[in-house]
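Okay, here's what each chain looks like letter by letter:
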Amino acid sequence: MEKLREFKELGVSERMLRALKKKGFEAPTPIQKKVIPLLLEGTGDIIGQAQTGTGKTAAFGIPLLEKLVENSGFTQALVLVPTRELAIQVSEELNSIKNDSALVIFPVYGGQSMEIQINKLRRNVDIIVGTPGRTLDLIRRKKIILNKISYLILDEADEMLSMGFIEDIELIMKNTAPEKKTLLFSATIPAPIKKIAQKYMRNSTHVSVNSSEVTTVLTEQIYFEVHSADRFEALCRIIDAETDMFGIIFCRTKLEVDEIAIKLKERGYKAEGLHGDISQTMREKILKKFRSHNTSILVATDVAARGIDITDLTHVINYSLPQDPDSYIHRIGRTGRAGKKGTAITFITSSEYRRLNYIKNLINADIRKKKLPAIAELITAKKAKIKQELERIIIAGEHQDYLDLASELTAENDPKNIVAALIEHIYDDEFKESSYREINDVSVDMQGKTRLFVALGKMDRMTPQSLAQFLAREGNIEPFLIKDIKVYDKFSFVTVPFNIAEKFLQVSNSRDKKRQRPLITKARPMK
């Protein structure tokens, strides 16, 4: 239980620790560290401000399962969520961590037979996880009774607001026990959410998770520099280089999702696409295949991926760079969860470097540059995968039906030759370097440049060489990165890579607050 020491320090019971160990948890996320002790202590209502992918379900789920009474005979808690997918996922997550508890957890949502849900509700459900519309319908039919509940949780409150559920939520809240505890979770707290909190919550504690906390240390963040035409080929190389990828590839448009998903399938990858034009029935089938690992790669838009809460993703890939830091955080927050390590990969072109650097600086993230794996590395990785799969088949005994044929072959041939022949017959194309298209090297750092104005010149005894040395010391960089130096009487111009320019500007602004004009600024474009 040493790995779960931090959970124990939060006040989690030994029984729950065993359940968390079985589930694969290792350390609490920032929002869990803040919410779990507050809910266990039972002091007032809680407003939790945190993005998707920060572990909110376990943050309220762990203490909820600790506090509720088994075999109570009535509904003790209601969790409201914006979508049917989230209702199913939250219900599954709570059921997965309750372990041997007798508490009954059940989701209610539109799109499923109401009669099935009513029959289940007759058997005394302890925790109902529901969408606002279906929950309100069942309340009006007197099939959900909330006058004895101890807890009401509003999850993804701002999302429910944007979907027009605010009136339904207020009607539901009016049907709940007045002495209950209310927990409200939201990525943002707009005015209507504040109004609900002020009207229905008492002695509330506001806890929040900063962007830097969301970008967890368990997620390795890297980027690859590629030409736009090489982006798909680069994606395939990343997939081939990984031993066991289970991840989401984010695209900007529906058209891009369809294109990438089809091309991946054509190359033999277990991939599916997900976007807003896909029917609800098909969406549920795709997500079911993905959760059961029958599909290992999900290609999706940001909107379509809302509500997908899967804890064991190994990778998140930004095929297209997100437009803003919040989207980046939402995406990468889906991996590196429940104490498991994950990788967030971003592909960028030279024109996108400035925006990546902006995101990196704003959220204070360590996004490291890497080179794409070479073809020889990919072939070695493929051979390792084949060896691993054959060993798995042998251990599982799935080869028993072919032992007679194997005996005949080995009686007449060297076993090594037989294995080699089978590999050549089945996998020959996999090991040919010609099956990979070459990817041209690109250096975004020097292609993305910024022209800077420096308020020093010949009158300050500056020469191109001395100015380069001075700026190198100021920015703690190598002088050769400073290009195209022009020194005039009272000022100078230099050209540096985008990321170094941002560094110079930050240093200059922090040191030159007393000057009428900063020492270093961006040069104005010539008219």
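Structure: above.
This one's a predicted model, so the numbers in the text were calculated from it and none came from an experiment.

## Some remarks on the pairing of strand S2 (residues 77–80)
The side chains of a regular strand alternate, residue by residue, between the two faces of the sheet.
1) Next: Side chains Ala77 and Val79 of S2 all project onto a buried face; the interleaved residues Leu78 and Leu80 project onto the opposite face, where all are buried too.
2) Next: Sheet topology note: the S2/strand S4 (residues 127–130) ladder contains four bridges and is parallel. Bridging across to S4, leucine 80 finds its partner in glycine 130.
3) Next: Summarising the sheet, S2 and strand S5 (residues 151–154) pair through four bridges and their orientation is parallel. Counted as the bridge partner of leucine 80 is leucine 154 from S5.

## Concerning the pairing of strand S3 (residues 105–108)
1) Next: Burial of S3 is two-sided: the residues Ile105 and Pro107 facing one way and the residues Phe106 and Val108 facing the other way are all buried.
2) Next: Where S3 meets S4, four bridges bridge the pair, whose relative direction is parallel. Its bridge partner lying in S4, proline 107 is registered against valine 129.
3) Next: For the crossover that starts at S3, traverses helix H6 (residues 114–121) and ends in the parallel S4, the hand is right-handed.

## Considerations on the sheet that holds strand S16 (residues 483–487)
1) Next: Strand order in the open sheet formed by four strands is S16-S17-S15-S18, and the pairing between neighbours is antiparallel. The sheet terminates laterally at S16 and strand S18 (520–522), the two strands that pair on one side only. Across the sheet, the mean angle separating the axes of adjacent strands is 30 degrees when strand polarity is ignored.
2) Next: Across three bridges, strand S15 (residues 449–454) lies against S18 in antiparallel orientation. Looking at the pairing, leucine 452 lines up with lysine 522 of S18.

## Points about the sheet that holds strand S8 (residues 219–225)
1) Next: Strands sit in the order S10-S11-S9-S12-S13-S8-S14 across an open sheet of seven strands; the sheet is parallel. Two strands in the sheet have a free side with no partner beyond their single neighbour: strand S10 (271–274) and strand S14 (367–369). Taking each pair of neighbouring strands and ignoring which way they run, the sheet shows an average axis angle of 20 degrees.
2) Next: Relative to strand S13 (residues 342–348), S8 is paired through seven bridges, and the arrangement is parallel. Pairing of tyrosine 223 across the sheet is with threonine 346, part of S13.
3) Next: Each of strand S9 (247–250), S10 and strand S11 (297–300) touches helix H13 (residues 254–266); the most contacted strand, S10, lies at about 170 degrees to it.
4) Next: Along the sheet face, helix H16 (residues 353–363) touches S8, S13 and S14 and points at about 145 degrees away from the line of S13.

## A few points about the pattern of salt bridges
1) Next: Applying the stated criterion across every chain yields a total of 25 salt bridges.
2) Next: We note a salt bridge from arginine 5 to glutamate 9, for which the minimum N-O separation is 2.9 Å. Taken together, the positions of arginine 5 and glutamate 9, both in helix H1 (residues 5–9) and four residues apart, correspond to about one turn of that helix.
3) Next: Residue arginine 5 is classed as partly exposed on the basis of its relative accessible area, which comes to 40%.
4) Next: Under the relative-accessibility criterion, glutamate 9 is labelled exposed at 57%.
5) Next: Members of the salt-bridge network, linked through shared partners, are Arg15, Glu70 and Asp100.

## Re the environment of tyrosine 427
1) Next: By the secondary structure assignment, tyrosine 427 is in helix H19 (residues 415–427).
2) Next: By relative accessible area, tyrosine 427 is classed as partly exposed at 26%.
3) Next: With 45 residues separating them along the chain, tyrosine 427 and lysine 382 place their C-alpha atoms 9.6 Å apart.

The rules behind each value
Residues numbered from 1 in each chain as written. Predicted model: local features only at pLDDT ≥ 70, side-chain atom pairs only at ≥ 80, totals over all residues. Heavy atoms only, no water. Buried < 20%, exposed > 50% of the residue type's maximum accessible area, 1.4 Å probe, protein only. Helix = DSSP H or I, 4+ residues; strand = E, 2+ residues; numbered from the N terminus. Pairing = 2+ DSSP bridges. Right-handed = clockwise from strand over helix to strand, strands pointing away. Axes fitted to C-alpha atoms, helices over the stretch in contact; angles between N-to-C directions. Contact = heavy atoms within 4.5 Å. Salt bridge = Lys/Arg side-chain N within 4 Å of Asp/Glu carboxyl O.

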